[in-house]
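Given next are the chains, with one letter for each unit.
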Amino acid sequence: MESSLFIDLNLYSILALFVVGFVGGMVSGFIGSGGAFVLTPAMMTLGVPGIVAVASNICHKFPKSLVGAMKRHKYGQVDVKLGLIMGVIAEAGMLIGKQVMTGIKHLYGDVGTSLYVSVVFVIVLAVVGTFVLRDAYRMFQQEKAAGAEAPHEASRLARWVQSVRIPGTMVYFPSIKAQVSLLFIVPLGFATGMLAATIAVGGFIGVPAMIYVLGAPALMATATELVIAFVMGLGGTVLYALDGVVDIRLAMIILAGSLFGIQIGAIGTTYVKDSLVKLVMGLIMVIMLFSRFFYVPGYLSTLGLIAPIQDSTIGYLKLLGDATLVLALGVGGLTIILALIKGMVAYRLAQGV
Amino acid sequence: MSHPKKPITATLFYGIASLLLYTLLFLNADLFIEWAERTKDHKSLFLIPVVVAFVFSYFHGAFTSYFWEILGLRAAKSGGKH
């Protein structure tokens, strides 16, 4: 392993990673995951090789998720059993996901991998993101009409999943308040891991799956996602550390910021309703989706499917794509801060403090 | 949350411990890089980043929690709604 894998750090790069870590941590504390999608490109922009960026990112993810999960466990929001079971299965999904990526790279090169990532990206973010956002909107309308929090209702699919009895596979989960067959949990956990290996945020499948397929409330699903992220992050770190590609300096700088952030995100969840958690998640997913539009012309040009585009233009478009990712994280972070301030003010007024 | 007492001592303790850990890490950054590079031949060295991450998360995690608490950022009573 050459030392060139580990870049020289300066004050600018330390500060940049600290700030991105902070906002990423805040979003993770609130919706269970996030931040990773900005951190890897951010590190690569600073000159960190791709593999070290991924490895160092994942090495900050597991301690961050651990701190967040413990904090939200105190608030009674974590389903440890569901998190651990899904986490272990997600670990397997992540390994297979990595294999798939390597396989595609061997067959079709880097552009093939980029296109595969883009397709998964667009399908998951467009379909799931729009669905989550629509559900948040529906809940807001309900709350506006009723003047109170919309009660948690399991979806029709979740009610069906809970009604299926397969002897020998039934497990009771406190977050769902029902028994669910492990046979339903396995594909969901697996898909969470596969997505984590592909677009770095498994939670965009894990959380909606726990809400809409299993019937868990959004606040519990996002808190439980932190346990899944911890298990996946720990496994991933061990794998990358065995290859000697974890830059512990980078990981700990990001952790320094993200632990400040994750506390805010976790505290924020105690002041909001399920609908707001869904809104933040849906917003981030849909904004992230737009980042792909800026990358695709570059891939198509490289593949010769459209007239060649100048390298400088491709670089400029990529920068716009990265900026859109930062925007997604920023909008998420800002919404959380606003909700927290609003919630705290209302709470203190109600308490007469 | 009705506990007005601010945990100043705990914040200071974990804050100093956290600062100390970061100082140690960066003063010995070359050593950590060397260990990472040697992991290929000495597999057991993979434990170093894992242990470092756990230790940092314990001290820095406690510090950041107390830090926001003394600034008045606290969870709503009894926490989550579910």
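Keep in mind it's a predicted model, so treat the numbers as computed, not measured. (Residues numbered from 1 in each chain as written. Chains lettered and ligands numbered in written order. Predicted model: local features only at pLDDT ≥ 70, side-chain atom pairs only at ≥ 80, totals over all residues. Heavy atoms only, no water.)

A.B. asks: Can you walk me through the nonpolar core in this structure?
C.D. replies: Nonpolar side chains tend toward joint burial in soluble globular proteins. In this structure, Ile31(A), Phe37(A), Phe204(A), Leu214(A), Met252(A), Ile284(A) and Met288(A) are the most contacted members of the largest nonpolar core, which totals 131 residues. Excluding anything up to four places from it in sequence, Phe204(A) contacts Ile31(A), Ser33(A), Phe37(A), Val124(A), Leu125(A), Val128(A), Leu195(A), Ile199(A), Met281(A), Ile284(A), Met285(A) and Met288(A). (Core = buried A, V, L, I, M, F, W, Y, C linked by side-chain atoms within 4.5 Å. Buried < 20%, exposed > 50% of the residue type's maximum accessible area, 1.4 Å probe, protein only. Contact = heavy atoms within 4.5 Å.)

A.B. asks: Mind showing me how you'd approach the interface of chain B and chain A here?
C.D. replies: It is common to report an interface's size as the accessible area lost on association of the parts. Listed per partner, the contact involves 38 residues of chain B and 49 residues of chain A. Buried area between chain B and chain A, summed over both chains or domains, comes out near 3600 Å², and the portion from carbon and sulfur atoms is 74%. The interface formed by chain B and chain A includes zero salt bridges. The interface formed by chain B and chain A holds 13 residue pairs in polar contact (both at pLDDT 80 or more) in total. Of the residues forming the side of chain B that touches chain A, the biggest block, 14 residues, is contributed by helix 3 (residues 47-70) of chain B. (Buried area = accessible area lost by both parts, 1.4 Å probe. Salt bridge = Lys/Arg side-chain N within 4 Å of Asp/Glu carboxyl O. Polar contact = N/O pair within 3.5 Å; in protein donor to acceptor, adjacent residues only side chain to side chain. Helix = DSSP H or I, 4+ residues; strand = E, 2+ residues; numbered from the N terminus.)

A.B. asks: Can you help me understand the packing of helix 4 (residues 80-146) of chain A against helix 6 (residues 182-199) of chain A in this one?
C.D. replies: Packed helix pairs are specified by the crossing angle of their axes together with the interaxial distance, meaning the distance between the axes. Residues and elements named next belong to chain A. Where helix 4 meets helix 6, the axes come as close as 3 Å, and the angle between the chain directions of the two elements is 45°. Our classification of the angle between helix 4 and helix 6 gives oblique. At the point where helix 4 passes helix 6, the crossing takes the right-handed sense. A per-class count over the contact of helix 4 with helix 6 returns 23 nonpolar, six polar and one charged. (Axes fitted to C-alpha atoms, helices over the stretch in contact; angles between N-to-C directions. Parallel < 35°, antiparallel > 145°, perpendicular 65-115°, else oblique. Left-handed = near helix turned anticlockwise from the far one by under 90°. Nonpolar A, V, L, I, M, F, W, Y, C, P; charged D, E, K, R; others polar.)

A.B. asks: What is the right way to read the packing of helix 5 (residues 156-163) of chain A against helix 7 (residues 203-214) of chain A from this model?
C.D. replies: Residue and element names in this part refer to chain A. Across the interface, helix 5 lies against helix 7 with an axial gap of 6 Å and an inter-helix angle of 75°. As summarised for this structure, helix 5 and helix 7 are arranged roughly perpendicular, according to the angle between their axes. Where helix 5 abuts helix 7, its residues Leu 157, Ala 158, Val 161 and Gln 162 lie against Tyr 212, Val 213 and Leu 214. Residues that form the contact of helix 5 with helix 7 fall into these classes: six nonpolar, one polar and no charged.

A.B. asks: What am I meant to see in the pattern of salt bridges here?
C.D. replies: Any two side chains of opposite charge can pair, given that their charged atoms come close. Summed over all chains, the structure comprises seven salt bridges over all chains. Asp110(A) serves as the salt-bridge partner of Lys105(A), at 3.5 Å between the closest nitrogen and oxygen. Residue classification places Asp110(A) among the exposed positions, given a relative accessible area of 51%. With its nearest N and O atoms 3.9 Å apart, the salt bridge here joins Glu69(B) to Arg74(B). For Arg74(B), a relative accessible area of 14% gives the class buried. Several salt bridges converge on common partners, so that one network encompasses Asp135(A), Arg138(A) and Lys278(A).

A.B. asks: Before we go on, may I ask you to explain the packing of aromatic side chains in this structure?
C.D. replies: In this description, a pair of aromatic rings is defined by centroid distance and the angle of the planes. For the coordinates displayed, the defined rule picks out 21 aromatic pairs over all chains. For the ring pair Phe260(A) and Phe63(B), a centre distance of 5.8 Å and an interplane angle of 85° mean the geometry is edge-to-face. With Phe260(A) in helix 9 (residues 248-269) and Phe63(B) in helix 3, this pair bridges two chains. Taken as a pair, Phe260(A) and Phe63(B) share a single burial class, namely buried. Centre to centre, the rings of Tyr22(B) and Phe56(B) are 4.8 Å apart; their planes meet at 80°, and the pair counts as edge-to-face. Remark: Phe56(B) occurs in helix 3 and Tyr22(B) occurs in helix 1 (residues 8-27); sequence separation between them is 34 residues. Among the aromatic residues, those joined into a ring-pair cluster are Phe18(A), Phe260(A), Phe63(B), Phe67(B) and Trp68(B). Over the face of the ring belonging to Phe121(A) we find Arg292(A), whose NZ or CZ atom lies 4.1 Å from the ring centre. (Phe/Tyr/Trp six-rings, centres within 6.5 Å; stacked < 30°, edge-to-face > 60°. Lys NZ or Arg CZ within 6 Å of the ring centre and 35° of its normal.)

A.B. asks: Looking at this structure, how should I read the side chain of Ser175(A)?
C.D. replies: Residues and elements named next belong to chain A. Its place among the elements puts Ser 175 in the loop between strand 1 (170-173) and strand 2 (178-181). Of the residues examined, Ser 175 reaches a relative accessible area of 4% and is grouped as buried. Among the polar contacts listed, one links the side chain of Ser 175 to the side chain of Asp 79, at a separation of 2.6 Å. Residues contacting Ser 175, with those up to four places away along its chain left out, are Asp 79, Leu 82, Ala 216, Pro 217 and Met 220.

A.B. asks: Would you mind going over the confidence of the model for chain B with me for this structure?
C.D. replies: Low pLDDT marks stretches whose predicted atomic positions should not be read closely. For chain B, per-residue confidence averages 90 on the pLDDT scale, and residues scoring 70 or more make up 89% of the total. Here the prediction assigns the complex a pTM of 0.93, and the interface score ipTM is 0.92. (pLDDT = per-residue confidence, 0-100.)

A.B. asks: What should I look at first to understand helix 6 of chain A in this one?
C.D. replies: Spacing of three or four residues puts side chains on the same side of an α-helix, whose turn is 3.6 residues. Residue and element names in this part refer to chain A. For helix 6, which comprises 18 residues, the first-to-last C-alpha distance of 26 Å matches the rise-based estimate of 26 Å (1.5 Å per residue) to within 8%. Measuring from the side-chain oxygen of the N-cap residue of helix 6 to the backbone nitrogen of Leu 183 gives 3.1 Å; that N-cap residue is Ser 181. Ala 200 sits one or two residues past helix 6 and shows a positive phi near 75°. (Expected span 1.5 Å × (residues − 1).)

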